[in-house]
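# Descriptive analysis of the structure
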Amino acid sequence: MAKPWATLGIDLHLEPTGPGVRGGLTDALREAVRSGRLAPGTRLPSSRTLAADLGIARNTVADAYADLVAEGWLTARQGSGTRVAMGALPTPLRQWGSAAVPPVGAAPPRRERHRPTYDLRPGTPDLASFPRAEWLKAARRAFTAAPNDALGYGDPRGRVELRTALAGYLARSRGVRTDPDRIVVVAGFVHGLKVLGAVLRARGVRTVAVESYGLRVHEDQLKAAGLHTPPLPFDELGTDPAHLTDEDAVLLTPAHQFPMGVPLHRDRRAVVLDWARRTGGLVLEDDYDGEFRYDRQPVGALQGLDPDHVVYLGTASKSLAPGLRLAWMVLPPALAEAAAAAKGGIDTCGVLDQLTLAEFLTSGAYDRHVRSARLRYRRRRDALVAALAAHAPEVQATGIAAGLHAVLRLPPASERSVVQAAAWQGLAVDGLTCYRHPHAIAEQPMDALVVGYGTPPDHAWSGALDALCAVLPG
Ligand SMILES: Cc1ncc(COP(=O)(O)O)c(C=O)c1O
């Protein structure tokens, strides 16, 4: 029986990975060279020594060495043994998070590019302000009180403690009408969309209208389920649902259009619900940052007006942290059952975080955290507006009544050069173009930046603001 690894006398662990002992050893050695753990010129142990070390046949080692010599990874010379070939340079550490080798010249995924000095891309809250101490206390309390069966294979809808806490919180803070049975906990909004996409497709849904501006990754989830995703027109009042006809469903961000920042106009709220009732259509309400409204009471959830035609989707990604991967869907009863089944029939979300969030909500820690985060983000937003007035009076900030980002309107045809100039300054910002649907129905495409002011930690915020002002047209 082969040992799982050998040290080769040079502190190198080999773990066979491929098929069969010979293939596994060949793969493990190739990987050791490729990753740089075996440097060019390194002398390998004799086949007899390595075979004894690994507990495998000497011939197997000799064959693996011969394969790698033939491939050019190793060299074998009488008198100097088997060495790592001088030309076998290690490839840089893989940054891609996937086993696939990226095509030459491909740009790395967005979040993996070299780390900018300042990051003002939208999407992530200030992670340095995550309430770690409170979260740990809540985790301790929740886990101490949890019954043993909480550690079993759970209800696919999620822990009942969390669904009960969410039902109360969402009713109180967002006007959502639900009971715990209608709630399904998911691993982030994206996961919720994936589950919903499968459920809807299985029920014969073919078309889900989306907004002309939004996140491509969300549309991709729907497309991956085999759904068509035509965009709705967008104008100064926001998304226009009057154009909904025979679509089966529509995905909207009614409280705070992403990324444009306007709430769905109240007449249009009525129009979309009227469409849903008339046609049996379904509204998917993405309430990603409903907690953060600065100028007045938060806009209530659309779901509260018609729980049978609206699926409400909320997330902890903005209010706490995206790394928690916790979100929730509030569904009409039949869809709740189907979504639980589509989740896989067991709970695929970690029970400890669910119990902790339940405790966080019921103890009032969540409200306290959201209140203080809202104050902090509001101050940042005010500082952004003041800095623009002082240093870039031509640049108008819109969509600033809520959320963690603003849209900065730029002079025509300048978006690309501003984004590039920012990158040279070590400042990451997104142009509006990357949020525009390829078939967007909107007035004149606008040049703009989408600036997330939530992400930098407090100590970096004023530096980020200075860097931003430096690249904006003055
Ligand atoms: C428009 C929108 N919806 C939803 C989300 C939340 O996604 P998730 O819960 O998968 O992190 C985000 C996060 O950036 C978002 O921008």
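### Structural notes on the nonpolar core
The tendency in soluble globular proteins is for nonpolar side chains to be buried side by side. In this structure, Leu320, Leu357, Leu408, Leu449, Leu468 and Leu472 are the most contacted members of the largest nonpolar core, which totals 58 residues. Ranked by the residues each element gives to this core, the list is headed by helix α11 (residues 365-391), at eight residues. Viewed by domain, this core spans two of them, domain 2 (110-129 + 368-471) and domain 3 (132-363), each represented by three or more residues. If sequence neighbours within four positions are ignored, Leu357 has contacts with Trp135, Leu162, Leu320, Leu326, Trp328 and Tyr366. In terms of nonpolar packing, the next biggest core, distinct from the first, is built from 25 residues, Leu222, Leu227, Leu335 and Ala339 among them.

### A short note on the domain arrangement of the chain
Domains assigned within the chain are domain 1 (16-84), domain 2 (110-129 + 368-471) and domain 3 (132-363). Relative placement of domain 1 and domain 2: their C-alpha centres are 52 Å apart.

### Some words on the site of the ligand
The local shell around the ligand holds 13 residues, among which Phe189, Asp286, Thr315, Ser317 and Lys318 are the closest. The backbone of Phe189 places a nitrogen or oxygen atom 2.7 Å from an oxygen atom of the ligand. Taking Arg325, its side chain carries an N or O atom lying 2.9 Å from an oxygen atom of the ligand. Burial of the ligand by the surrounding chains reaches 91%, relative to a free accessible area of 400 Å². Of the residues in the shell around the ligand, the class split is five nonpolar, five polar and three charged.

### With respect to the sheet that holds strand β13 (residues 405-409)
Read across the sheet, four strands follow the order β12-β13-β17-β15 without closing on themselves; strand pairing throughout is antiparallel. Sheet topology places β12 (396-398) and β15 (430-431) at the edges, where each strand pairs with a single neighbour. Inspection of the sheet shows β15 paired to strand β17 (residues 448-452) by two bridges, in the antiparallel sense. Residue pairing for β17: Gly431 is matched across the bridge by Leu449.

### Description of the pairing of strand β6 (residues 231-235)
In terms of burial, β6 is a largely internal element, five of the five residues being buried. As defined by bridge partners, strand β5 (residues 208-211) adjoins β6 across two bridges and the pair is classed as parallel. Residue pairing across strands places Glu211 opposite Leu232, the latter belonging to β6. Pairing geometry for β6 and strand β16 (residues 441-442), over two bridges, is parallel. Of the residues in β16, the one forming a bridge with Pro233 is Ile441. Where β6 meets strand β7 (residues 238-239), two bridges bridge the pair, whose relative direction is antiparallel. Looking at the pairing, Asp235 lines up with Gly238 of β7.

### Overview of helix α1 (residues 20-34)
Taking 1.5 Å as the rise per residue, α1 with 15 residues should run 21 Å; its terminal C-alpha atoms sit 21 Å apart, in good agreement. Residues of α1 that are buried sit in contact with α2 (47-54), α3 (58-71) and β2 (81-84).

### Describing the confidence of the model for the chain
For the chain, per-residue confidence averages 89 on the pLDDT scale, and 91% of positions sit at 70 or higher. Counting interchain partners and residues more than four positions distant, the pLDDT-below-50 stretch residues 92-113 has 16 contacts.

### Describing the environment of Arg296
Inspection of the secondary structure puts Arg296 in the loop between β9 (282-286) and β10 (310-315). Residue classification places Arg296 among the partly exposed positions, given a relative accessible area of 48%. The spacing of Arg296 and Ile56 is 240 residues in sequence and 73 Å in space, taken between C-alpha atoms.

Cut-offs applied
- Residues numbered from 1 in each chain as written.
- Predicted model: local features only at pLDDT ≥ 70, side-chain atom pairs only at ≥ 80, totals over all residues.
- Heavy atoms only, no water.
- Core = buried A, V, L, I, M, F, W, Y, C linked by side-chain atoms within 4.5 Å.
- Buried < 20%, exposed > 50% of the residue type's maximum accessible area, 1.4 Å probe, protein only.
- Helix = DSSP H or I, 4+ residues; strand = E, 2+ residues; numbered from the N terminus.
- Domains from an automatic or database assignment.
- Contact = heavy atoms within 4.5 Å.
- Near = heavy atom within 4 Å.
- Polar contact = N/O pair within 3.5 Å; in protein donor to acceptor, adjacent residues only side chain to side chain.
- Areas by Shrake-Rupley, 256 points an atom, 1.4 Å probe, with all protein chains shown as cover.
- Nonpolar A, V, L, I, M, F, W, Y, C, P; charged D, E, K, R; others polar.
- Pairing = 2+ DSSP bridges.
- Expected span 1.5 Å × (residues − 1).
- pLDDT = per-residue confidence, 0-100.

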